[in-house]
Amino acid sequence: MFKKLLTSILFLVPFSAHSVDVPITGNVQSRCVITTDTPGVYGNPNAYTLTTAAADGGVQPIVRYDVTLADAYYAQITTPTSFALSPSLSDTVTWTGSTEVSSLSDATNMGSYETNKITFGQTTQYDLTATGSTWFKSTSTATYGGNKAFPGGTYTANIEAVCIAK
Amino acid sequence: MKKILFTITLLLFFTKAFAHDMVPTYPEFRPSYLEGVLVTDLELFNKRNDVDYYEITVFDEFWNTVPFVTSYKILKLSYLERVKFSVYIRSKDRNRATYICTKSRIRGEVGPSTVISSMICSKIKKDY
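First things first, this report covers the structure right here in the doc.

What counts, and at which threshold
Residues numbered from 1 in each chain as written. Chains lettered and ligands numbered in written order. Predicted model: local features only at pLDDT ≥ 70, side-chain atom pairs only at ≥ 80, totals over all residues. Heavy atoms only, no water. Helix = DSSP H or I, 4+ residues; strand = E, 2+ residues; numbered from the N terminus. Buried < 20%, exposed > 50% of the residue type's maximum accessible area, 1.4 Å probe, protein only. Contact = heavy atoms within 4.5 Å. Areas by Shrake-Rupley, 256 points an atom, 1.4 Å probe, with all protein chains shown as cover. Polar contact = N/O pair within 3.5 Å; in protein donor to acceptor, adjacent residues only side chain to side chain. Disulfide = S-S within 2.5 Å. Pairing = 2+ DSSP bridges. Buried area = accessible area lost by both parts, 1.4 Å probe. Salt bridge = Lys/Arg side-chain N within 4 Å of Asp/Glu carboxyl O. Core = buried A, V, L, I, M, F, W, Y, C linked by side-chain atoms within 4.5 Å.

A word on the overall build of chain A
- Along chain A, the regular secondary structure elements total 2 helices and 11 strands.
- Across the 166 residues in chain A, those meeting the buried criterion constitute 41%.
- The contacts of chain A with a sequence gap of at least 6 include a subset with a gap of at least 24, amounting to 76%.
- Per element, the accessible surface of chain A, about 8900 Å² overall, is 57% carbon and sulfur.

Shown next as structure tokens:
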């Protein structure tokens with residue numbers, strides 16, 4: 001009887017449990033993150049034009065900038081001036097391009113981005129004066145020389161999105 | 001401010017977009033174990049599944065390249081991989097060196113489209 005009681009008591013005594021803390025560390029730093037939301041596709045409205053304009057069957061590339069520090073970065077977006085990949089082209093290609101604000105996470109503090117943008121050549125620069133996310137969309141058009149037809153093949157061009165700390 | 005940071009966090013974690021991220025924004029050079037050579041550390045995060053390589057460059061304020069040394073000038077970085085790297089410059093270039101940039105290297109075989117190359121430039125802190 002006594003032995004049974006002792007055994008029962010032993011089962012009730014909790015064994016010493018070791019707990020180990022698993023630390024989760026994080027480091028919050030000011031940053032600018034460039035995100036490619038939509039890569040963009042060239043439409044081919046006629047034989048001698050490739051364009052990302054939606055009206056011509058293209059898809060406009062969209063880039064998002066997320067900044068966590070106000071007034072610390074410039075966004076520069078440059079539309080293409082040459083093909084990164086194309087069939088052999090014997091004539092010149094004329095390039096036009098533009099970039100504009102597509103969407104803002106904070107319309108109050110970012111409302112002036114579009115009016116204050118600076119454009120030089122194919123590059124558009126925005127002063128990111130507020131924290132949050134900004135979406136920029138670009139249009140790129142390539143016209144083949146003398147309105148000749150682009151040869152068949154795959155065409156790829158680079159849009160460069162840069163974030164520069166002030 | 002908290003609302004904005006929360007929104008950014010949500011966007012970063014729950015969207016299917018592809019991002020390029022580098023910190024710190026303002027790196028600072030310090031003396032290295034080599035005489036006449038300065039070093040700083042940066043961290044790069046690849047959240048672009050269309051990019052495997054990033055090129056490191058150091059520029060002056062006029063965007064001329066400044067000589068520098070690092071383990072790999074072109075870093076191989078898999079999707080969702082994070083890497084810390086050090087950049088070394090000569091002490092005599094400390095006033096010239098202004099930006100440290102990483103630029104995505106796009107694969108050549110992408111389809112009939114525009115591709116977006118991303119470049120992030122940190123500005124070197126100069127408090128001397």
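A short note on the environment of B:S118
Residues and elements named next belong to chain B.
- If you trace the backbone, S118 turns up in strand β8 (residues 114-123).
- In this structure the C-alpha to C-alpha distance between S118 and R105, which are 13 residues apart in sequence, comes to 8.5 Å.
- Within the structure, S118 has its side chain in polar contact with the side chain of H20 (distance 2.9 Å).

Remarks on the state of the cysteines
Residues and elements named next belong to chain A.
- Applying the stated rule across the entire model yields 2 disulfides over all chains.
- Here C32 pairs with C163 through a disulfide, and the sulfurs are 2.0 Å apart. The S-S bond linking C32 to C163 shows a torsion near 120 degrees; that makes this disulfide right-handed. With a gap of 131 residues between them, C32 in strand β1 (residues 32-38) and C163 in strand β11 (residues 156-165) connect regions that are remote in the sequence.

As for the pairing of strand β5 (residues 73-78) of chain A
- Two elements, β5(A) and strand β9 (residues 123-128) of chain A, share 6 bridges in a ladder whose sense is antiparallel. Residue A:A75 lies in a different strand from β9(A), and its bridge partner there is A:Y126.

Some remarks on the interface of chain A and chain B
- Taken together, the 44 residues of chain A in the interface contact 36 residues of chain B.
- With both chains or domains summed, chain A and chain B bury close to 3100 Å², and 58% of this area falls on carbon and sulfur atoms.
- The interface formed by chain A and chain B holds 2 salt bridges in total.
- At the surface where chain A touches chain B, the tally comes to 15 residue pairs in polar contact (both at pLDDT 80 or more).

Structural notes on the side chain of B:T40
All names here are of chain B.
- When you line up the elements, T40 lands in strand β3 (residues 37-47).
- Judged by relative accessible area, T40 falls into the buried class, the value being 3%.
- Reaching out from T40, the side chain makes a polar contact with the backbone oxygen of E28 at a distance of 3.0 Å.
- If sequence neighbours within four positions are ignored, T40 has contacts with P27, E28, F29, R30, F85, S86, V87 and I100.

Examining the nonpolar core
- A:Y65, A:Y73, A:L128, A:F136, B:F85, B:V87 and B:I100 are the most contacted members of the largest nonpolar core, which has 41 residues in total.
- Membership of the second largest hydrophobic core comes to 9 residues, among which are A:W95, A:Y144, A:F150 and A:A157.

Looking at the pattern of salt bridges
- Throughout the structure, instances matching the rule amount to 15 salt bridges over all chains.
- Across the pair A:D91 and A:K148 runs a salt bridge whose closest N-O atoms are separated by 2.6 Å. Taken together, the positions of A:D91 in the loop between β6 (83-85) and β7 (93-104) and A:K148 in the loop between β10 (132-144) and β11 put the pair 57 residues apart, joining distant regions of the chain.
- For A:D91, a relative accessible area of 25% gives the class partly exposed.
- Among the salt bridges present, the one from B:R82 reaches B:E43, with a minimum N-O distance of 3.0 Å. Here B:R82, found in strand β6 (residues 82-90), pairs with B:E43, found in strand β3; they are 39 residues apart in sequence, far enough to count as distant.
- Exposure remark for B:E43: the relative accessible area of 17% places this residue in the buried category.

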